Protein chains: 2
Amino acid sequence: MDLPKGFLFSALSAGIKKESRLDLALIYSEVPARAAGVFTTNKIKAAPVILAEERLLSNKLQAILINSGNANACTGEEGLIAARETAAYVAKNLRISENLVITSSTGVIGIPLPKDKIINKIPFLVASLSPDGLSQVAEAILTTDTFKKVYAKRINIKGKEVTILAVAKGAGMIAPNMATMLAFALTDINIEKESLKEALKKAVSQTFNRITVDGDTSTNDSVIIMANSLAKNEMISYKDKEYKIFYEALEEIFDKLSFMIVKDGEGATKVVDIIVTGAKDEVQALKASKTVANSLLVKTALFGEDPNWGRIMAALGRSDIQIDPSRISISFDDIEIVSQGKGCGEKAEKKAHLVMKKDYFKIKINLNIGKAVSLIRTCDLTYDYVKINAEYRT
Amino acid sequence: MDLPKGFLFSALSAGIKKESRLDLALIYSEVPARAAGVFTTNKIKAAPVILAEERLLSNKLQAILINSGNANACTGEEGLIAARETAAYVAKNLRISENLVITSSTGVIGIPLPKDKIINKIPFLVASLSPDGLSQVAEAILTTDTFKKVYAKRINIKGKEVTILAVAKGAGMIAPNMATMLAFALTDINIEKESLKEALKKAVSQTFNRITVDGDTSTNDSVIIMANSLAKNEMISYKDKEYKIFYEALEEIFDKLSFMIVKDGEGATKVVDIIVTGAKDEVQALKASKTVANSLLVKTALFGEDPNWGRIMAALGRSDIQIDPSRISISFDDIEIVSQGKGCGEKAEKKAHLVMKKDYFKIKINLNIGKAVSLIRTCDLTYDYVKINAEYRT
């Protein structure tokens, strides 16, 4: 894996999760980095989200302490104190200003953060920081995820080699507008702070905000970017042509991680892109694609590999957008199964059934009344989703 | 079962469903009845819905032909012709005006209605009309339902005995605003037509529009009422005090049927009322209760009997309403598990877990910022929901 210069990583088990799994991680830049964040739209925000939003007003960051197994959400004033205290202890051990440290949490809501367990481990976490720790960090931030999600890309900016890397977690509670997902993008590029913020916001809107696992959004979603300038390129801003190179690389990385998150959706066996074209405007296109992507009847049909386009039509019909049923066409990859609002017959459905056996395919819906387009990436709804989420935590 | 005067019923198997199950039914009033209907809000309306809306403009009806196994939805112009032709053939056999006949369909979307199979059976259907046929009608209208849904009540109106009876089907695709549900209310009351319409609309809004199984609404939902005046009471209207007696009986019947529909939700093992109080206004109360009632994470937790209030809080937080997390309290029946935004501890959760073992209980959410209230009735999300809906129809 290509690493950006000057970033160190460490992770260990602090006993927050059961069975000694890795659950506490630290990401550290050797120099203060320019930084930006995009956070959950849920009105109930976890304590670490509140703290991070506050600290990122300075656009500067040097370390992120991440725990899994406990969301530190709905924990009141004490939760906020716990986030501040653990961040302060990290700062003290790193000998940096506590304003340069944020925390990030994911896991169960409503249980007080076991802050003593965390504080006890911080000296060890700091002592073991190393460029080699990335893989352990990628593991420590997972909850019900089944695989690590890391992607990196190297680009050339004004003659200098620049590396962008991002690590993410996803699984359940994934919906447009992020849900329980955390992603940390780390780069050594030298970029003006407002341009960095702009790139992050746009890339998130095009990728992480266009995926859904179960339509639920969480209290903890965060995407953070740190850019520490150690690639020593001449500083770029959104006015430069190099900005486009940077932005495209960032979007590509987030797109790969988004795909991994849906692929690893709780119980998911398939990734399916719902592509709506021909909508009246962008808002309607988005509504249509979201309603289809979140319909339980569509998602169970994906699992059953049943090209049940009636369920897609019914979802479109209730999605509160302008439609003319007699103009709608629907294809599964290149197999058209609805033309001008009517089914194309059994033969087409048999072919579509074969498309659905793939672990990734596209459902293309043309409303044929306008020019707006939207894509939402979803997964199927399976027995395992129910199993994973119906467990009683004694 | 108490029957209203003058209504006859019959049902048989026309081979629309597999395995010779009952799938074609006829409801007939010996005299033309005043009538009203409430229909799906889905923009894709099935052919019989379009026809029934048109014919009910006259507020008169004498017969309803109902088939299950095929929704006659997304079937284009031919679908509408099929609805008209089958209705006309019923009218001819009954020797009444075809304007007094509507059809109602439920089942798979997008397959042409097998109208010849239906027409061939209509003479037999008419010949076997009888007061004893109700139970068979209740069975013939079912799709994935597992039990028949009938409820009747007798009231006294101005010294006359009046009977109101309703028969319904539900199962999947049930969401606020009706979904695939059909209900037919039959009564011998003599009531002014606008008052009948008003009573139907209000009773539906308080009952069938407040239940959800999977958040999907269908193309075919219909609630029809026929009032044939054969009880010979002096005609009442909404100005009379007897109107209240009639309305309350109708709402009670619809409430019982709504409960049965949720209880029989696809795969459901529990009925749960989500009651939001203390919301800023009614729109916000409804949004909050609907979001919680449709959250997959909440519904799987109901199945797992896990009092995971964090999922309820997260659903409230994304429901696009005004909240103050530190004011929210949540109870399961009478066990408070969240007070002022914070969990009440393990002991309370253990008690709530016992409440969740019941097959019917209430989740009460007090937002504590206003006075508005809303109730949505939901069910749990289970393996069987996935199983029922993930089947590939070969």
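Please read these numbers as outputs of a predicted model, since none were measured by experiment.

1. Here's the deal with the side chain of Thr300 of chain A
Okay, step 1: One can find Thr300 of chain A in helix H8 (residues 296–303).
Okay, step 2: A distance of 2.8 Å separates a polar atom in the side chain of Thr300 of chain A from the backbone oxygen of Leu296 of chain A.
Okay, step 3: In this structure, Thr300 of chain A is in contact with Arg311 and Leu381 of chain A together with Tyr385, Val386, Asn389 and Ala390 of chain B, ignoring residues within four places of it in sequence.

2. Observations concerning the sheet that holds strand S11 (residues 335–339) of chain A
Picture the strands of a sheet paired through backbone hydrogen bonds; they go either parallel or antiparallel.
All names here are of chain A.
Okay, step 1: Taken in spatial order, the six strands make up an open sheet running S12-S11-S10-S13-S9-S14, and their pairing is mixed. Of all strands in the sheet, those bounded by a partner on one side alone are strand S12 (342–343) and strand S14 (372–379).
Okay, step 2: The pairing of strand S10 (residues 329–332) with strand S13 (residues 360–366) spans four bridges and is antiparallel. Paired with Ser331 across the two strands is Lys364, which belongs to S13.
Okay, step 3: Packed on one face of the sheet, helix H10 (residues 346–355) meets S10, S11 and S13 and runs near 130 degrees to S11.

3. Some remarks on helix H5 (residues 193–206) of chain B
Residue and element names in this part refer to chain B.
Okay, step 1: For H5, spanning 14 residues, the distance from its first C-alpha to its last is 20 Å, which sits close to the expected 20 Å at 1.5 Å a residue.
Okay, step 2: Looking only at H5, the buried set comprises Ser195, Leu196, Ala199, Leu200, Ala203 and Val204. The buried residues of H5 occupy an angular sector of 160 degrees when the element is viewed end-on, so they sit on one face.
Okay, step 3: Against strand S2 (24–39), strand S8 (222–227) and helix H6 (241–263) lie the buried residues of H5.
Okay, step 4: The backbone nitrogen of Glu194 has a side-chain oxygen 2.9 Å away, supplied by the residue at the start of H5, namely Glu192.

4. Examining the sheet that holds strand S12 (residues 342–343) of chain B
All names here are of chain B.
Okay, step 1: Strand order in the open sheet formed by six strands is S12-S11-S10-S13-S9-S14, and the pairing between neighbours is mixed. Here the strands that pair on one side only, and so sit at the sheet edges, are S12 and strand S14 (372–379).
Okay, step 2: Helix H7 (residues 282–294) rests against strand S9 (271–279), strand S13 (360–366) and S14 of the sheet, and its axis sits at about 20 degrees to S14.
Okay, step 3: Against the sheet, helix H8 (residues 296–303) makes contact with S9, S13 and S14, and its axis sits at roughly 60 degrees relative to S14, the strand it touches most.

5. Examining empty space enclosed by the protein
Residues and elements named next belong to chain B.
Okay, step 1: With the rule as written, the count across this model stands at eight cavities of 30 Å³ or more.
Okay, step 2: In this model, the largest cavity occupies a volume close to 60 Å³.
Okay, step 3: As for the largest cavity, its lining consists of Leu24, Leu65, Ile66, Asn67, Asn72, Ala83, Thr86, Thr103, Ser104, Ser105, Leu113 and Ile118.
Okay, step 4: When contributions to the lining of the largest cavity are tallied by element, the ones reaching two or more residues are strand S3 (60–70), helix H2 (76–94) and strand S4 (101–108).
Okay, step 5: For the lining of the largest cavity, the class distribution of residues is six nonpolar, six polar and no charged.

6. Things to note about the relation of the copies chain B and chain A
Okay, step 1: Each copy superposes on the other: chain B lies on chain A with an RMSD of 0.0 Å after a rotation of 180 degrees and an axial shift of 0.0 Å. One copy is carried onto the other by what is essentially a two-fold rotation axis. Rotation axis and chain B: the residue whose C-alpha lies nearest the axis is Tyr383 of chain B, separated from it by 2.7 Å.
Okay, step 2: When you check the interface residues of chain B against chain A, 100% turn up at the interface there too, and the contact is symmetric in its surfaces.

7. Brief notes about the pairing of S3 of chain B
All names here are of chain B.
Okay, step 1: Buried residues dominate S3, accounting for nine of its 11 residues.
Okay, step 2: Here S2 runs beside S3; their pairing, made up of seven bridges, is antiparallel. Note on S3: the bridge partner recorded for Leu24 is Asn67.

8. Comments concerning the packing of helix H2 (residues 76–94) of chain A against helix H3 (residues 115–127) of chain A
All names here are of chain A.
Okay, step 1: It is the contact of H2 with H3, at a shortest axis distance of 9 Å, that shows an interaxial angle of 20 degrees. One way to sum up the angle between H2 and H3 is to call them roughly parallel. Seen from above, H2 lies across H3 with right-handed handedness. Packed against H2, whose contacting residues are Ile81, Ala82, Glu85, Thr86, Tyr89, Val90, Asn93 and Leu94, the element H3 presents Lys115, Ile118, Ile119, Ile122, Pro123 and Val126 at the interface.
Okay, step 2: Partitioned by chemical class, the residues of the contact of H2 with H3 number 10 nonpolar, two polar and two charged.

9. Regarding unusual backbone geometry
Residues and elements named next belong to chain B.
Okay, step 1: Positive phi values are uncommon outside glycine, yet Glu19 reaches one of about 55 degrees.
Okay, step 2: On the basis of relative accessibility, which here comes to 71%, the residue Glu19 falls in the exposed class.
Okay, step 3: A positive phi angle is found at Ser229, which is not glycine, with a value near 70 degrees.
Okay, step 4: Tracing the backbone shows Ser229 in the loop between S8 and H6.

10. Quick look at the nonpolar core
Soluble globular proteins tend to pack their nonpolar side chains together in the buried interior.
Okay, step 1: Formed by 70 residues in total, the largest nonpolar core has its most connected members in Ile330, Phe332, Ile363 and Ile365 of chain A.
Okay, step 2: With residues near it in sequence (within four places) discarded, Ile365 of chain A still touches Ile274, Ile275, Val276, Thr277, Val292, Ile312, Leu316, Ile328, Ser329 and Ile330 of chain A.
Okay, step 3: Core analysis: the second largest hydrophobic core is formed by 69 residues, Ala46 and Leu134 of chain A together with Ile323 and Phe361 of chain B among them.

11. Quick word on the environment of Leu51 of chain A
Residue and element names in this part refer to chain A.
Okay, step 1: Tracing the backbone through its elements, the reader meets Leu51 in helix H1 (residues 47–55).
Okay, step 2: Judged by relative accessible area, which is 0%, Leu51 ranks as buried.
Okay, step 3: Sequence separation between Leu51 and Ile102 is 51 residues, and the spatial gap between their C-alpha atoms is 7.0 Å.
Okay, step 4: Leave out the neighbours within four places in its chain, and Leu51 touches Ala83, Arg84 and Ala87.

12. Some thoughts on the interface of chain B and chain A
Okay, step 1: With 56 residues of chain B at the contact, the number on the chain A side is 56 residues.
Okay, step 2: In total, about 4700 Å² of surface goes out of reach between chain B and chain A, with carbon and sulfur atoms giving 61% of it.
Okay, step 3: The interface formed by chain B and chain A includes two salt bridges.
Okay, step 4: Two residues, Glu78 of chain B and Lys342 of chain A, come together in a salt bridge whose shortest N-O distance is 2.8 Å.
Okay, step 5: Viewed at the interface, chain A and chain B are joined by eight residue pairs in polar contact (both at pLDDT 80 or more).
Okay, step 6: If you list the elements that add at least two residues to the side of chain B that touches chain A, you get H2, H8, helix H9 (309–317), helix H10 (346–355) and helix H11 (383–389) of chain B.
Okay, step 7: In terms of residue class, the side of chain B that touches chain A is made up of 22 nonpolar, 19 polar and 15 charged.

What counts as what
Residues numbered from 1 in each chain as written. Chains lettered and ligands numbered in written order. Predicted model: local features only at pLDDT ≥ 70, side-chain atom pairs only at ≥ 80, totals over all residues. Heavy atoms only, no water. Helix = DSSP H or I, 4+ residues; strand = E, 2+ residues; numbered from the N terminus. Polar contact = N/O pair within 3.5 Å; in protein donor to acceptor, adjacent residues only side chain to side chain. Contact = heavy atoms within 4.5 Å. Pairing = 2+ DSSP bridges. Axes fitted to C-alpha atoms, helices over the stretch in contact; angles between N-to-C directions. Expected span 1.5 Å × (residues − 1). Buried < 20%, exposed > 50% of the residue type's maximum accessible area, 1.4 Å probe, protein only. Arc of directions from axis to C-beta. 1 Å grid on protein atoms, 1.4 Å probe; cavity = no way out; pocket = protein on both sides within 12 Å on 5 of 7 lines; lining within 4 Å. Points joined across faces, edges and corners; volume = space filled by probe spheres on them. Nonpolar A, V, L, I, M, F, W, Y, C, P; charged D, E, K, R; others polar. Least-squares fit on C-alpha atoms with pLDDT ≥ 70 in both. Parallel < 35°, antiparallel > 145°, perpendicular 65-115°, else oblique. Left-handed = near helix turned anticlockwise from the far one by under 90°. Core = buried A, V, L, I, M, F, W, Y, C linked by side-chain atoms within 4.5 Å. Buried area = accessible area lost by both parts, 1.4 Å probe. Salt bridge = Lys/Arg side-chain N within 4 Å of Asp/Glu carboxyl O.

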